[in-house]
Amino acid sequence: MEVSNSCSSFSSSSVDSTKPSPSESSVNLSLSLTFPSTSPQREARQDWPPIKSRLRDTLKGRRLLRRGDDTSLFVKVYMEGVPIGRKLDLCAFSGYESLLENLSHMFDTSIICGNRDRKHHVLTYEDKDGDWMMVGDIPWEYESYISTCSLTCSFIISDLNRCFCFSMFLETVRRLKITRPERY
Amino acid sequence: MNYFPDEVIEHVFDFVVSHRDRNSISLVCKSWHKIERLSRKEVFIGNCYAINPERLIGRFPCLKSLTLKGKPHFADFNLVPHEWGGFVLPWIEALARSRVGLEELRLKRMVVTDESLELLSRSFANFKSLVLVSCEGFTTDGLASIAANCRQLRELDLQENEIDDHRGQWLNCFPDSCTTLISLNFACLKGETNVAALERLVARSPNLKSLKLNRAVPLDALARLMSCAPQLVDLGVGSYENEPDPESFAKLMTAIEKCMSLRSLSGFLEVAPLCLPAFYPICQNLISLNLSYAAEIQGNHLIKLIQLCKRLQRLWILDSIGDKGLAVVAATCKELQELRVFPSDVHGEEDNNAAVTEVGLVAISAGCPKLHSILYFCKQMTNAALIAVAKNCPNFIRFRLCILEPHKPDHITSQSLDEGFGAIVQACKGLRRLSVSGLLTDQVFLYIGMYAEQLEMLSIAFAGDTDKGMLYVLNGCKKMRKLEIRDSPFGNAALLADVGRYETMRSLWMSSCEVTLGGCKRLAQNSPRLNVEIINENENNRMEQNEEDEREKVDKLYLYRTVVGTRKDAPPYVRIL
């Protein structure tokens, strides 16, 4: 980042009286602003940006995180009998309801979770073990599960075990298949 | 009013609480001055070198609560060397000698020693409350004396201090008879904590309303603490690096659910994200949330927590929340009054597209009608955004914007940000505190001088072109009390234009500017009521008068008004002219 280059050249010019006059140092400044980012080994400034030492130390000690704000999880979706599939980002949905609504729209038919019947298509998925399972049995993901539980104010250890075993839908889904309604 | 007996007048004065109002009252006449000074219980001293302990006690012999501030604000950012000053010991010694009935001491940016704390703990039988903010110089031994000797202790609040942690047993020093604690904050302590002693202390403190833990208090201990103290209003959580096991998590969640009075949450140093959901049950009650130390939690986890906090009035957070997260805040937190967004990437190491930009700021201003205080660190800004913010939020009292790269212009038009900040000062008629950043010319200071009539504190860094900039501010902002400037091209002409002005202000700081030693000397010459301090850490052998070059630029200048002349406790590299 250009910060320390431009800062150190400017502030050092005001300490050392042999440095050029203000107008010249501002020219130096604009030149140094075009320097490309230096290597990560340069020494960090202790007085800029203006944050307190405790925050500075906390940030220094932090492991570098991959910026995961825009995580996405694209999976393939097939309609049974249709050779060409679609692709869908599951992270864009908040839960099963919005997923079903979106798929119904995408394929222009009604899709449900649950047992096969004559009228509706049923959504299934392939999990990380390669097995084909009914969509809707396990919690969508950890945090939304916890928040629904917390609204009812108490829950038991076995519920938590389900969470902590990470058998959350988003963790395990590999691809989706929409099955045809039953014929008989 | 002069026909009323003094007791009646004194009773009326009891209703006047703010120190500024009481200062005004005391100027009305001699009689009021006397009644006021003998009845004043709380005294606020913004600069400990503006007055001395003897004169303080002489004027307010009945004081019970004293607030003292020491180092200038830029000391928070390592611009003031540690031994510069601000020692509290002489104050405590004087108060003890005069047998003042001290009950409360609040210190900010002062040097506090174990000796001072020991003396404090032994000298005032009714001592109830100690609040130390950004102080240094003491260890947990000092805390142990406070714990052991202050029988009436209600509040021990340590915020952001540099404390040498001897890993001792200071928590054990609270006697078993101590049951009066209302507030205990030791979040800034770095060492281990005797958790058992803490649990016993919390269990015997039925009035405990505020508890802020440090890193060392583990998850299961937190659950037990909260079970003992369901009446807590303010909680600072420690650090939980590992994902919890189901049983501890359930216990924690059960304990948290019972804390229906909880209104303020902070801490979360190194918290594994999966612990956060344990707090979901109480989010709807929260008024204040400080996640500025939660550096390990990604934006999406923060967003999920905040979405539940519909009553939030104060939010401190890291920029990892992103513009997307700020949009969620804007949509959810309609009661928001104060927002602080801190930078999470100070070394420019991360290729960071998720940090906040002007988009987030505009979203907040549009969504939160009650917003009046903001501190915002970001990598880019535009004039258009600032103009929109000014239009959305004319009620700002505090507006601090820090663009991380100095001199950075509007990233779309490449112009300076003069117009943007100009819009802010013009719209926000009640603005009392302002920090500016980015590429700024003298023009922005013209606007500030013209419009910022209520401005009391202004922070300038890497801004301006000529002395005119500083002059616009000094001439225009009549209510200015604290002016702090760094790395800006203001020099002697601006400094010397109106020397009398500085007696109407608390202090002026100028570092890495264009003022010279000669200019400072001329300033100090006819100003007996100003202390003009030159701080030159690098210059060890500069005391030779003959070799002095008056054209030499001054590294750091700090001047402040005072009625007690030059201080005697300055270190060798601080020269008081």
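Residues numbered from 1 in each chain as written. Chains lettered and ligands numbered in written order. Predicted model: local features only at pLDDT ≥ 70, side-chain atom pairs only at ≥ 80, totals over all residues. Heavy atoms only, no water.

Keep this limit in mind: UniProt positions are given in the numbering used here, feature names are shortened, and annotations may be inferred rather than shown by experiment.
Chain B has the name Leucine-rich repeat cysteine-containing subtype in an unreviewed UniProt entry, where Arabidopsis thaliana x Arabidopsis arenosa is given as its organism. Under the UniProt heading Pathway (unreviewed entry), the note attached to chain B is "Protein modification; protein ubiquitination." The Subcellular location (unreviewed entry) field of the UniProt record for chain B holds the comment "Nucleus".

Chain A goes by Auxin-responsive protein in an unreviewed UniProt entry, where it is assigned to Arabidopsis thaliana x Arabidopsis arenosa. Per UniProt, chain A has the following entry under Subcellular location (unreviewed entry): "Nucleus".

**Details of the overall build of chain A**
Our working definition: Secondary structure elements are defined from DSSP: runs of H or I of at least 4 residues count as helices, runs of E of at least 2 residues count as strands, and each element is numbered from the N terminus. Note on definitions: a residue-residue contact is assigned when non-hydrogen atoms from the two residues lie within 4.5 Å.
Secondary structure summary: chain A contains seven helices and six strands in total. Mapped in sequence order, the helices and strands of chain A form the string α-α-α-β-β-α-β-β-β-α-α-α-β. Summarising the internal contacts of chain A: among those between residues at least 6 apart in sequence, 54% fall at separations of at least 24.

**Focus on the state of the cysteines**
All names here are of chain B. Where we set the bar: Put simply, a disulfide is two cysteine sulfurs that come within 2.5 Å. Exposure is judged per residue with a 1.4 Å probe applied to protein chains only, and the accessible area is read against the type maximum: over 50% gives exposed, under 20% gives buried, and values in between give partly exposed.
Throughout the structure, instances matching the rule amount to zero disulfides over all chains. As a non-bridged cysteine, C393 has C368 as the owner of its nearest cysteine sulfur, 7.6 Å distant. With relative accessibility at 2%, the residue C393 sits in the buried group.

**Some thoughts on the nonpolar core**
Defined as follows: Joining through side-chain atoms within 4.5 Å is the link that ties buried Ala, Val, Leu, Ile, Met, Phe, Trp, Tyr and Cys residues into a set, and such a set is a nonpolar core.
Counting residues in each nonpolar core, the largest one holds 184 residues, and the members touching the most others are L66, L184, F399 and I448 of chain B. Beyond its immediate chain neighbours, meaning those up to four positions away, L184 of chain B contacts L156, W170, L171, L198, L201, L208, S210, L211 and K212 of chain B. In this structure, V77, L103, Y125 and I178 of chain A belong to the second largest nonpolar core, which totals 21 residues.

**Describing the environment of V425 of chain B**
Residues and elements named next belong to chain B. Inspection of the secondary structure puts V425 in helix 15 (residues 418–427). A sequence separation of 148 residues divides V425 from Y573, and the C-alpha atoms of the two residues are 38 Å apart. Filtering out sequence-adjacent residues up to four positions away, V425 remains in contact with L431, L434, Y447, I448, Y451 and A452.

**Looking at the confidence of the model for chain A**
Residue and element names in this part refer to chain A. Counted only if it meets this: Per residue, pLDDT measures the predictor's confidence, with a range of 0 to 100.
Overall, the prediction assigns chain A a mean pLDDT of 67, with 55% of residues at 70 or greater. Across residues 64–69, where pLDDT falls below 50, the model places 23 contacts with residues more than four positions away in sequence or in other chains. Between residues 151–155, whose pLDDT stays under 50, and residues either more than four places distant or in other chains, the model counts seven contacts.

**Focus: the packing of helix 12 (residues 322–332) of chain B against helix 13 (residues 358–367) of chain B**
Residues and elements named next belong to chain B. The following threshold applies: A fitted line through C-alpha atoms represents every axis, and for helices the fit uses only the stretch in contact; the resulting angles, taken between N-to-C directions, go from 0 to 180 degrees. Each angle is binned into one of four classes, with values under 35 degrees roughly parallel, values over 145 roughly antiparallel, values of 65 to 115 roughly perpendicular, and all other values oblique. When residues are sorted by character, Ala, Val, Leu, Ile, Met, Phe, Trp, Tyr, Cys and Pro go into the nonpolar class, Asp, Glu, Lys and Arg into the charged class, and all the rest, Gly among them, into the polar class.
Contact geometry for helix 12 and helix 13: axes closest at 8 Å, N-to-C directions at 0°. Classified by the angle between their axes, helix 12 and helix 13 sit roughly parallel to one another. Contact residues: helix 12 offers D323, L326, A327, V329 and A330, while helix 13 offers V359, G360, A363, I364 and G367. A class-by-class count of the residues in the contact of helix 12 with helix 13 yields seven nonpolar, two polar and one charged.

**Quick notes on the packing of aromatic side chains**
Residue and element names in this part refer to chain B. Note the following rule: Pairing of aromatic side chains requires ring centres within 6.5 Å, counting the rings of Phe and Tyr and the six-membered ring of Trp. Pairs whose planes differ by under 30 degrees are stacked, by over 60 edge-to-face, and all others tilted.
Taken as a whole and assessed by the stated rule, the structure comprises 17 aromatic pairs over all chains. The interplanar angle of 80° and the centroid separation of 5.6 Å between the aromatic rings of Y49 and W84 together place this pair among those described as edge-to-face. With Y49 in the loop between strand 1 (42–45) and helix 4 (53–59) and W84 in the loop between strand 2 (65–69) and helix 5 (89–97), this pair connects stretches of sequence that are 35 residues apart. With respect to class, Y49 is no different from W84; both count as buried.

**Notes on the packing of helix 13 of chain B against helix 14 (residues 383–392) of chain B**
All names here are of chain B. For clarity, the cut-off: The sense of a crossing depends on the near helix, which, turned anticlockwise from the far helix by less than a right angle, makes the crossing left-handed and, turned clockwise, makes it right-handed.
At a closest axis distance of 8 Å, the pairing of helix 13 and helix 14 adopts a crossing angle of 15°. Regarding the angle of helix 13 to helix 14, the classification is roughly parallel. The hand of the helix 13/helix 14 crossing is left-handed. On helix 14, the residues that touch E358, L361, V362, S365 and A366 of helix 13 are A385, L386, A388, V389 and N392. Here the residues of the contact of helix 13 with helix 14 sort into seven nonpolar, two polar and one charged.

**Some details on the pairing of strand 19 (residues 482–486) of chain B**
It is a general feature of regular strands that their side chains alternate between the two faces of the sheet. Residue and element names in this part refer to chain B. Just so we agree on the cut-off: Here a strand pair is declared whenever DSSP counts at least two bridges between the two strands. Look down the strands so they point away from you; if the path from the first strand over the helix to the second goes clockwise, the crossover is right-handed.
Along strand 19, five of the five residues are buried, which leaves the element largely enclosed by surrounding structure. Side chains K482, E484 and R486 project from strand 19 onto one buried face, and the interleaved L483 and I485 project onto a second face that is buried too. Strand direction decides the pairing type here: strand 18 (residues 457–461) and strand 19, joined by five bridges, are parallel. Note on strand 19: the bridge partner recorded for I460 is I485. Crossover connection from strand 18 via helix 17 (residues 467–476) to parallel strand 19: handedness right-handed. Bridge count between strand 19 and strand 20 (residues 507–511): five bridges; the pairing is parallel. Residue pairing across strands places E484 opposite W509, the latter belonging to strand 20.

**What to know about helix 10 (residues 246–257) of chain B**
Residues and elements named next belong to chain B. Quick reminder of the rule: By this rule the span expected of a helix is its residue count minus one, scaled by 1.5 Å.
Taking 1.5 Å as the rise per residue, helix 10 with 12 residues should run 16 Å; its terminal C-alpha atoms sit 16 Å apart, in good agreement. For helix 10, the buried fraction is high: nine of the 12 residues fall into the buried class. Those residues of helix 10 that fall on the buried side of the exposure criterion are P246, S248, F249, A250, L252, M253, A255, I256 and E257.

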